[in-house]
There are 2 protein chains.
Amino acid sequence: MALTRPNPRFLTRTNRIFTSQIRTYAAPGEGTIPPAKKKYVPTSGTYPLGFKAGSAHVGVKPSNTRFDDLALIASDTPCAGAAVFTTNKFQAAPVTVSRDMLKRRKGDGIRAVVVNSGCANAVTGRGGVEDAIAMGQETDKCFAPGSNDQEGSRSIVMSTGVIGQRLPIQKIASKIPTAYANLGDTHDHWLATARAICTTDTFPKLLSRTFRLPSSEQEYRVAGMTKGAGMIHPNMATLLGIICTDAPIAAHPLHQALTSAITKSFNSISIDGDTSTNDTVAMLANGAAGGAPITSTSAPDFPAFQTVLTEFAIDLAKLVIRDGEGATKFVTIRITNAASYTDAHRVASTIARSPLVKTALYGKDANWGRILCATGYAEGVDSVVPEETSVSFLPTDGSPELKLLVRGEPEQVDEQRAASILEHENLEIVVRLSEREGAEAVFWTCDFSHEYVTINGDYRT
Amino acid sequence: MALTRPNPRFLTRTNRIFTSQIRTYAAPGEGTIPPAKKKYVPTSGTYPLGFKAGSAHVGVKPSNTRFDDLALIASDTPCAGAAVFTTNKFQAAPVTVSRDMLKRRKGDGIRAVVVNSGCANAVTGRGGVEDAIAMGQETDKCFAPGSNDQEGSRSIVMSTGVIGQRLPIQKIASKIPTAYANLGDTHDHWLATARAICTTDTFPKLLSRTFRLPSSEQEYRVAGMTKGAGMIHPNMATLLGIICTDAPIAAHPLHQALTSAITKSFNSISIDGDTSTNDTVAMLANGAAGGAPITSTSAPDFPAFQTVLTEFAIDLAKLVIRDGEGATKFVTIRITNAASYTDAHRVASTIARSPLVKTALYGKDANWGRILCATGYAEGVDSVVPEETSVSFLPTDGSPELKLLVRGEPEQVDEQRAASILEHENLEIVVRLSEREGAEAVFWTCDFSHEYVTINGDYRT
């Protein structure tokens with residue numbers, strides 16, 4: 001099941017499927033990472049103190065006989081936990097179970113995040129909820145054998161994969177101790193764990209960094225992993241993220257910081273505009289590095305922590321776009337001088353979701369008309385004034401912006417320069433909604449290609 | 001520029017472009033209609049009394065040296081007029097000019113609709129507005145030479161084509177008398193006119209029928225033409241529609257009836273979810289057939305007229321989907337037992353716009369997970385309850401529905417039957433939001449194919 005061996009079925013459909021875009025629709029791949037993506041996979045990292053990561057092979061999908069599909073991230077001590085969940089009405093069992101657990105514990109005393117890939121445990125009724133609860137309980141047992149905690153589980157549960165099928169919960173439960181036994185704090189442990197949560201991702205998504213907060217010289221660490229919007233039969237896209245830090249922050253301010261960071265990161269990316277039933281980003285903070293605790297959002301270090309977390313979450317979220325199905329472009333959409341952040345975010349999101357904009361980018365077409373069109377039909381935005389709107393491309397090579405529309409008037413575009421800007425993988429589109437200072441929102445997206453259609457339309461035929 | 005000669009550039013991109021899908025991005029085509037589409041083009045019709053249609057060749061696009069690109073639909077006498085316009089903030093000059101005219105005249109005393117293809121007169125500033133006014137005035141002159149009506153124009157103006165470019169208004173103005181001279185009431189006149197408003201459409205879209213109203217034995221006629229969401233560089237999709245009837249209905253009830261009909265027809269179709277700057281559907285009613293006038297929405301014949309018009313507009317709107325770019329499927333989405341029509345319409349629209357649903361349909365994949373997922377993230381809908389939701393395919397061959405999900409529980413799907421249902425061009429998806437009686441909304445859409453990407457992404461490269 002090597003990723004580099006193209007399925008001949010794809011090739012009969014179109015001759016433009018690159019080997020790098022071939023994806024298996026099974027369990028996490030072995031990791032033959034496409035050459036163009038290798039630069040996104042770290043070869044080392046600095047991981048938060050007091051956290052360990054590990055994985056194990058379950059074979060959630062019977063066809064997966066080799067690759068780890070169970071991941072465990074654990075804190076050495078009970079710690080603060082928070083999570084942001086999908087807004088989809090059809091919420092998977094692990095989403096409801098994890099939300100209830102965090103609510104019951106008020107985000108305190110959390111020990112672990114346990115994740116299986118290969119089955120989403122979504123649309124599985126009461127039995128699915130019992131499976132998700134059992135998965136959490138089996139994880140708890142590793143930390144406190146024989147205990148029967150009255151407050152219930154201390155583990156956040158996540159699942160990603162096929163929907164409408166029950167988890168093979170006995171198999172999973174029997175391998176949770178193996179994942180626990182495999183826990184470690186090296187880069188290789190973190191990378192293997194990041195790989196175990198993948199589904200159709202072409203590369204594991206892992207980041208780590210250090211930071212300081214204003215009130216001390218203490219060094220802190222934050223690490224995170226995510227998986228992208230890969231499709232699995234019969235399926236939905238699922239985005240998962242797990243972030244850990246050894247900074248000392250209590251559950252309530254952690255929740256506030258995470259919610260705000262997600263708005264500007266995981267809620268500011270779009271591959272195809274679909275929102276899955278399982279989307280979850282969770283965060284653990286164990287304070288293992290010491291230093292002055294952040295106990296509320298009015299603590300002096302809170303704003304700096306908020307900034308660090310937001311930037312980290314943005315970088316993590318961008319990796320999902322780097323692995324967008326069929327994507328050939330990485331596009332930053334910046335809306336400036338808006339009446340409000342909400343307006344700017346809605347316009348950015350509308351442009352990022354427009355199939356006409358996305359196919360034009362794929363076709364390397366400097367099609368400002370489609371960008372303008374999407375700007376004009378963004379729902380719930382009253383502040384767009386055609387005569388004040390400007391559209392530019394910002395090249396990533398540092399050369400000056402290419403103005404396409406200035407205050408509602410089309411520019412004479414240097415088509416050769418436009419074409420050369422669009423040859424690059426990276427592009428920034430800037431839409432100024434007025435000439436006055438105002439709010440700014442940034443969104444990241446990719447293009448719509450033949451490969452997207454092939455990946456999402458053809459693989460069952 | 002025959003439609004049947006493929007551009008070799010397309011073919012290097014993918015080997016799956018069928019000749020029937022090759023579109024010229026120029027003026028209206030000569031009409032080598034793809035064989036599969038011929039059944040949608042009428043060979044005869046019954047047209048409303050007192051209306052005439054005509055066309056002329058302008059060469060709005062210099063590359064168009066042969067095909068009529070100016071259309072005129074005129075009433076023999078001043079009549080009631082109404083129109084529904086795009087909600088896009090970037091409204092093209094003909095949209096603002098026509099809206100102002102109808103407002104000024106309160107929808108009375110209208111004589112004509114004049115349309116050019118090849119240039120949208122959008123994002124053209126003050127000069128563009130002057131061009132649109134001039135286009136209306138030139139049309140007025142045909143009906144009353146030398147007059148200088150204090151209330152201004154009596155003509156609804158529409159443009160479709162390239163945006164950001166000024167109209168060649170002198171050329172257009174000089175050919176309006178030719179279109180007027182070419183006016184006639186035969187089927188051939190109507191069909192030629194329907195063709196002149198086309199851009200990348202692969203067939204002209206024209207319908208006509210007769211109807212009666214409860215209060216008399218009088219026979220009335222309604223005819224209409226539309227053009228689809230074809231793309232033109234640098235461009236936006238534009239949808240135009242023109243409906244004429246010889247029934248006697250005053251401007252105010254006409255406006256009400258049209259607005260309501262559009263909600264269930266042209267606002268219930270989606271090819272790619274983009275909303276253009278030029279979208280306009282206009283209607284004229286001249287009462288030439290006689291009978292009891294409908295002077296208000298409380299007139300006894302109004303409800304029947306409303307029903308006739310809604311059904312007619314639905315059939316006209318469906319033709320746009322039949323010509324969806326790259327489409328291989330015609331999909332009806334029926335949402336039933338909803339808490340409100342608005343909820344049902346929003347859910348239907350969200351499913352119709354989901355790239356994951358649309359690529360699955362293209363791939364003939366009975367992917368209820370994606371349908372459910374879109375149902376769950378429909379914005380502004382609070383009434384979706386997972387445990388009450390059911391999803392089925394309704395085959396068009398009259399065989400029983402294929403249940404995919406029943407009250408939130410996945411069915412064991414007969415994959416062979418699902419595959420055979422999905423082999424057909426037509427498909428109906430039914431989503432029941434509850435087991436209780438409730439509101440119903442119907443939406444029509446098509447799939448997302450490789451051809452869609454090719455048409456919208458590749459043609460400039």
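Residues numbered from 1 in each chain as written. Chains lettered and ligands numbered in written order. Predicted model: local features only at pLDDT ≥ 70, side-chain atom pairs only at ≥ 80, totals over all residues. Heavy atoms only, no water.

**Q** I'd like a description of the overall build of chain A, backed by residues and values.
**A** When helices and strands are counted, chain A shows 12 helices and 15 strands. Of all 461 residues assigned to chain A, the portion counted as buried reaches 63%. Excluding contacts between residues fewer than 6 apart, the proportion of contacts in chain A whose partners are at least 24 apart in sequence is 79%. Per element, the accessible surface of chain A, about 16300 Å² overall, is 49% carbon and sulfur. (Helix = DSSP H or I, 4+ residues; strand = E, 2+ residues; numbered from the N terminus. Buried < 20%, exposed > 50% of the residue type's maximum accessible area, 1.4 Å probe, protein only. Contact = heavy atoms within 4.5 Å. Areas by Shrake-Rupley, 256 points an atom, 1.4 Å probe, with all protein chains shown as cover.)

**Q** Would you mind going over helix α10 (residues 368-377) of chain B in detail, with residue names and values included?
**A** With 10 of 10 residues buried, α10 of chain B lies mostly within the body of the structure. Within α10 of chain B, the full set of buried residues consists of Trp-368, Gly-369, Arg-370, Ile-371, Leu-372, Cys-373, Ala-374, Thr-375, Gly-376 and Tyr-377 of chain B.

**Q** Could you give an account of the UniProt feature "binding site: substrate" (unreviewed entry) in chain A, naming the residues involved and the relevant values?
**A** All names here are of chain A. Those places that UniProt annotates as "binding site: substrate" (unreviewed entry) correspond, in this numbering, to Thr-199, Lys-227, Thr-238, Glu-325, Asn-456 and Thr-461. Within the secondary structure, Lys-227 is located in strand β6 (residues 219-227). Its relative accessible area of 0% is what places Lys-227 among the buried residues. In this structure Lys-227 touches Thr-160, Ile-197, Cys-198, Thr-199, Asp-201, Lys-205, Thr-238, Leu-239, Leu-240 and Val-320, once residues within four positions along its chain are discounted. (UniProt positions renumbered as here; feature names shortened; annotations may be inferred.)

**Q** Tell me what's going on with the packing of helix α6 (residues 251-263) of chain B against helix α7 (residues 302-322) of chain B, and back it up with residues and numbers.
**A** Residue and element names in this part refer to chain B. Axis separation between α6 and α7 bottoms out at 9 Å; the angle between their running directions is 45°. As far as their axial angle goes, α7 and α6 are oblique. Between α6 and α7 lies a crossing of right-handed hand. Where α6 approaches α7, its residues Pro-253, Leu-254, Gln-256, Ala-257, Leu-258, Ser-260 and Ala-261 are matched on the opposing element by Phe-302, Phe-305, Gln-306, Leu-309, Thr-310 and Ala-313. (Axes fitted to C-alpha atoms, helices over the stretch in contact; angles between N-to-C directions. Parallel < 35°, antiparallel > 145°, perpendicular 65-115°, else oblique. Left-handed = near helix turned anticlockwise from the far one by under 90°.)

**Q** Explain the sheet that holds strand β14 (residues 426-432) of chain B to me, using residue names and the numbers behind them.
**A** The strands making up a sheet associate through hydrogen bonds between their backbones, and the pairing can be parallel or antiparallel. Residues and elements named next belong to chain B. Here seven strands make up an open sheet; going across it, the order is β8-β15-β10-β14-β11-β12-β13 and the pairing mixed. The sheet terminates laterally at β8 (269-270) and β13 (409-410), the two strands that pair on one side only. The pairing of strand β12 (residues 402-406) with β13 spans two bridges and is antiparallel. Note that in β13 the partner of Leu-405 across the bridge is Pro-410. Each of β8, β10 (330-338), β14 and β15 (439-446) touches α7; the most contacted strand, β15, lies at about 35° to it. (Pairing = 2+ DSSP bridges.)

**Q** For the environment of Ala-339 of chain B, give the residues involved together with the corresponding values.
**A** Residues and elements named next belong to chain B. Of note, Ala-339 is situated in the loop between β10 and α8 (341-353). Under the relative-accessibility criterion, Ala-339 is labelled exposed at 64%. As for Ala-339 and Leu-404, which are separated by 65 residues in sequence, their C-alpha atoms are 22 Å apart.

**Q** I'd like a rundown of the pattern of salt bridges, residues and numbers included.
**A** Residue and element names in this part refer to chain A. Per the stated rule, a full pass over the model turns up 32 salt bridges over all chains. Note that Glu-440 and Arg-334 form a salt bridge whose closest N and O atoms lie 2.5 Å from each other. Linking Glu-440 in strand β15 (residues 439-446) with Arg-334 in strand β10 (residues 330-338), this pair joins segments that are 106 residues apart in sequence. With relative accessibility at 24%, the residue Arg-334 sits in the partly exposed group. Three or more residues joined by partner-sharing salt bridges are found here, namely Asp-201, Lys-205 and Asp-323. (Salt bridge = Lys/Arg side-chain N within 4 Å of Asp/Glu carboxyl O.)

**Q** Lay out the pairing of strand β5 (residues 205-212) of chain B in plain terms, naming residues and giving numbers.
**A** All names here are of chain B. Bridging between β5 and strand β6 (residues 219-227) involves eight bridges; their strand directions are antiparallel. Note that in β6 the partner of Leu-207 across the bridge is Gly-224. Counting the residues in the hairpin turn of β5 and β6 gives six residues.

**Q** Tell me about the UniProt feature "active site" (unreviewed entry) in chain A, and please be specific about residues and values.
**A** Residue and element names in this part refer to chain A. As recorded in UniProt, the sites labelled "active site" (unreviewed entry) are Thr-238. Relative to the assigned elements, Thr-238 resides in the loop between β6 and β7 (240-245). Looking at Thr-238, the relative accessible area reads 3%, which means it is buried.

**Q** Explain the packing of aromatic side chains residue by residue, including any values.
**A** One pass over the full model with this rule turns up 11 aromatic pairs over all chains. Between Phe-211 of chain A and Phe-305 of chain A, the ring centres sit 6.2 Å apart and the planes meet at 55°, which makes this aromatic pair tilted. Of this pair, Phe-211 of chain A sits in strand β5 (residues 205-212) while Phe-305 of chain A sits in helix α7 (residues 302-322), and the two are 94 residues apart along the sequence. For the residue pair Phe-211 of chain A and Phe-305 of chain A, the accessibility class agrees, reading buried in each case. Seen from their ring centres, Tyr-47 of chain B and Trp-190 of chain B are 5.0 Å apart, and the 10° between their planes marks the pair as stacked. Remark: Trp-190 of chain B occurs in helix α5 (residues 187-196) and Tyr-47 of chain B occurs in the loop between α1 (8-13) and β1 (51-56); sequence separation between them is 143 residues. Counting every residue linked through ring pairs, the aromatic cluster contains Phe-211, Tyr-220 and Phe-305 of chain A. The side chain of Lys-264 of chain B reaches across the aromatic face of Tyr-341 of chain B, ending 5.0 Å from its centre. (Phe/Tyr/Trp six-rings, centres within 6.5 Å; stacked < 30°, edge-to-face > 60°. Lys NZ or Arg CZ within 6 Å of the ring centre and 35° of its normal.)

**Q** Summarise the side chain of Thr-202 of chain A; cite the residues concerned and give the values.
**A** Within the element layout of this structure, Thr-202 of chain A appears in the loop between α5 (187-196) and β5. Looking at Thr-202 of chain A, its side chain comes within polar contact range of the side chain of Asp-323 of chain A, at 2.6 Å. (Polar contact = N/O pair within 3.5 Å; in protein donor to acceptor, adjacent residues only side chain to side chain.)

**Q** I'd like a description of the packing of helix α3 (residues 125-143) of chain B against helix α4 (residues 169-181) of chain B, backed by residues and values.
**A** Between two packed helices, what matters for the description is the angle formed by their axes and the separation of those axes. All names here are of chain B. One way to put it is that α3 packs onto α4 with a least axis distance of 9 Å and a crossing angle of 25°. Classified by the angle between their axes, α3 and α4 sit roughly parallel to one another. As for the relative orientation of α3 and α4, their crossing is right-handed in sense. For the pair α3 and α4, the contacting residues are Asp-131, Ala-134, Met-135, Glu-138, Thr-139, Cys-142 and Phe-143 in the first and Ile-169, Ile-172, Ala-173, Ile-176, Pro-177 and Tyr-180 in the second. A per-class count over the contact of α3 with α4 returns 10 nonpolar, one polar and two charged. (Nonpolar A, V, L, I, M, F, W, Y, C, P; charged D, E, K, R; others polar.)

**Q** So what's going on with the environment of Ala-250 of chain A? Which residues, and what values?
**A** All names here are of chain A. Its location among the elements puts Ala-250 in the loop between β7 and α6 (251-263). Spatially, the C-alpha atoms of Ala-250 and Thr-342 are 28 Å apart, while their sequence positions differ by 92 residues. Filtering out sequence-adjacent residues up to four positions away, Ala-250 remains in contact with Ala-80, Ile-294 and Thr-295.

**Q** If you had to explain the sheet that holds β10 of chain A to someone new, which residues and values would you point to?
**A** Residue and element names in this part refer to chain A. Within the open sheet, the seven strands sit side by side as β8-β15-β10-β14-β11-β12-β13. Their pairing is mixed. Each having just a single partner strand, β8 (269-270) and β13 (409-410) make up the two edges of the open sheet. Along the sheet, α7 contacts β8, β10, β14 (426-432) and β15; its crossing angle with β15, the most-contacted strand, is approximately 35°. Contacts from helix α10 (residues 368-377) reach β11 (390-394), β12 (402-406), β13 and β14, with the element oriented near 125° to β11.

**Q** Before we move on, could you go through the domain arrangement of chain A and cite the residues and values that matter?
**A** Residues and elements named next belong to chain A. When its domains are assigned, chain A resolves into domain 1 (40-322) and domain 2 (330-458). Each of domain 1 and domain 2 was reduced to a C-alpha centroid, and the two centroids are 33 Å apart. Both faces considered, domain 1 and domain 2 share a buried interface measuring about 1400 Å² in area, 58% of it formed by carbon and sulfur atoms. Run the count over domain 1 and domain 2 and you get one salt bridge. Its salt-bridge partner being Arg-322, residue Glu-425 comes within 3.3 Å of it at the nearest N-O pair. If you look at where domain 1 meets domain 2, you find five residue pairs in polar contact (both at pLDDT 80 or more). Here the element with the most residues in the side of domain 1 that touches domain 2 is α7; it accounts for four residues. Residues that form the side of domain 1 that touches domain 2 fall into these classes: six nonpolar, five polar and four charged. (Domains from an automatic or database assignment. Buried area = accessible area lost by both parts, 1.4 Å probe.)

**Q** Could you give an account of the nonpolar core, naming the residues involved and the relevant values?
**A** Within the largest apolar cluster, 242 residues are counted, with the highest numbers of intra-cluster contacts made by Phe-305 of chain A together with Phe-305 of chain B. Not counting residues within four places of it along the chain, the set of residues in contact with Phe-305 of chain A comprises Phe-211, Leu-213, Thr-245, Ala-247, Ile-249, Leu-254, Ala-257, Met-283 and Ile-294 of chain A. (Core = buried A, V, L, I, M, F, W, Y, C linked by side-chain atoms within 4.5 Å.)

**Q** Provide a residue-level description of unusual backbone geometry, including the pertinent values.
**A** Residues and elements named next belong to chain B. A positive phi angle, near 50°, is found at Lys-106, a position not held by glycine. By secondary structure assignment, the location of Lys-106 is in the loop between α2 (93-104) and β3 (110-119). Positive phi is not limited to glycine here, since Val-123 has a value of about 55°. Position of Val-123 among the secondary structure elements: in the loop between β3 and α3. We classify Val-123 as buried; its relative accessible area is 13%.

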